[in-house]
Amino acid sequence: MAQRRALVVGLGISGMATALSLTQSGWDILVVEKAAERRTGGYFIGLFPEGKQAAENLGIFDDIHTRNAEGKNWDQQPDGTQAQVGGFIDQPGSPAGLLRGDVEAGLWQGIEGSVDIRFDTTPTALVHDGDTVLVTLKNGATGQNVTERFDLVVGADGLRSTVRKLAFGPHEDFLLSMDAIICAYEFQAQVPNYQEQDSVVIAEPGRALWVFAFSDRPPTALFTYRTKDVDAEFRQKPAQVLRDRFAGLPNNAVLQHALSELDAAKESLFDSVQQVRMDNWSKGRVVLVGDAAWCLTLYSGMGASAGLKGGYELGRHLKNESCDIVNALLMWERSLRPLIRKHQRLAFLKREFFVPSSSLAAWIRRMMLRFMRRQAHKTAAGINGAAYIAKAR
């Protein structure tokens, strides 16, 4: 039997996890990426138990560099005072704090040299032809088009997926707006007057600024705010939009530092917050993974973990060379749906955590952060106490 061949579109977390898992399951893989080179760095993310387990299963967990900060987490009050609270990594599941690029770097080590990768390349047409898919690929540098045949096509190309548009229809048919905007980017230097590993958040009804610290590098920032007219937010440059939206925010020094860092940032993500809702993630031998299929959003915090798990599980379901590929895709989707449905719903609750909708929601959020800090201290005290008893014995 000839080796089965798959096209994976997208060199992000979901795409590389899928490519690695399929390779380990005996598939011949071609990955295409629209960017001219592999992206590095990125914004703050958390890696939850589901993601850690998938990385272990893929054999790349030890290659993922985690950066949990050991500093304090400061919550700025409307009157300019501040209180020490729990941080992102103190929430249930104890996620590891790291950059998106840290996960991608670990995955890259897993696939480099074992799969064919073409940069500056995008699909322009997909046609089912019996038990295969004919895909036309365009090279952005040369303009050349080639058509190749695959047993499977995987769209792991993000929120506005080209594969989804070609195979399933317009983006508008699948996007659910959360009426919010985010802007995420890397700092070159910590906020003045804070320790290197301190995190800071300023949140009030309708808008918030988060500064996420790391153990061994400058922080990243997340601006987020609510709006009913998302399209209107793209009529000016992001920096000007944020200056207008965040005018008068308490603790202006933190805000001004964040805005100056945005002006100097090489890359930033400025986008609307939208989930992808689909009745089916596959059609014939075309399947979507990660943000292209479900997009849990940054509010969920589970995007990287779900992308790793989805990619790993897809390869596992397609491991048997004699398996019915279409049926295997349906079984894969059935196994993942409960997890994705749960976190899509939770994202609407977590939105209140990231950017409260009212003064009451802001107060509840503040109390939750303080409770998280107390729980984290109790857990740490318990671990230290157990370690002391074990040493004494």
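Criteria and cut-off values
- Residues numbered from 1 in each chain as written.
- Predicted model: local features only at pLDDT ≥ 70, side-chain atom pairs only at ≥ 80, totals over all residues.
- Heavy atoms only, no water.
- Salt bridge = Lys/Arg side-chain N within 4 Å of Asp/Glu carboxyl O.
- Helix = DSSP H or I, 4+ residues; strand = E, 2+ residues; numbered from the N terminus.
- Buried < 20%, exposed > 50% of the residue type's maximum accessible area, 1.4 Å probe, protein only.
- Pairing = 2+ DSSP bridges.
- pLDDT = per-residue confidence, 0-100.
- Contact = heavy atoms within 4.5 Å.
- Core = buried A, V, L, I, M, F, W, Y, C linked by side-chain atoms within 4.5 Å.

1. A word on the pattern of salt bridges
With the rule as written, the count across this model stands at 21 salt bridges. When the shortest N-O distance is used, the salt bridge between R67 and D102 registers 2.7 Å. Here R67, found in the loop between helix 2 (49–58) and strand 4 (73–76), pairs with D102, found in helix 3 (residues 100–111); they are 35 residues apart in sequence, far enough to count as distant. Owing to a relative accessible area of 13%, R67 belongs among the buried residues under this scheme. Residue D102 is classed as buried on the basis of its relative accessible area, which comes to 8%. Between E233 and R245 there is a salt bridge, with its nearest N and O atoms 2.7 Å apart. Of this pair, E233 sits in the loop between strand 15 (220–226) and helix 5 (238–245) while R245 sits in helix 5, and the two are 12 residues apart along the sequence. With relative accessibility at 6%, the residue E233 sits in the buried group. Note on R245: relative accessible area 34%, which makes it partly exposed. Three or more residues are tied together by salt bridges with common partners; here these are R5, D28, D116, R118 and E148.

2. What to know about the pairing of strand 13 (residues 199–204)
A large share of strand 13 lies buried, amounting to 6 of its 6 residues. With burial as the criterion, each face of strand 13 is covered, one bearing S199, V201 and A203 and the other bearing V200, I202 and E204. The pairing of strand 4 with strand 13 spans 4 bridges and is parallel. Bridge pairing in strand 13 links Q76 to I202.

3. Some points on the confidence of the model for the chain
Across the chain, the average pLDDT comes to 92, with 95% of residues at 70 or higher. Contacts of residues 383–392 to residues separated by more than four positions or lying in other chains number 0 contacts, the stretch itself having pLDDT below 50.

4. Structural notes on the nonpolar core
Formed by 95 residues in total, the largest nonpolar core has its most connected members in L107, L152, W294 and L318. With 9 residues, helix 8 (residues 325–354) is the largest single contributor of residues to this core. Judged by nonpolar contacts, the second largest core, of 26 residues, contains I202, Y225, V230 and L259.

5. Let's talk about the pairing of strand 8 (residues 121–129)
Pairing between strand 8 and strand 9 (residues 132–139): 8 bridges, direction antiparallel. Residue pairing across strands places T122 opposite K138, the latter belonging to strand 9. Counting the residues that bridge the hairpin from strand 8 to strand 9 gives 2 residues, and of these G130 lies at a positive phi of roughly 65 degrees.

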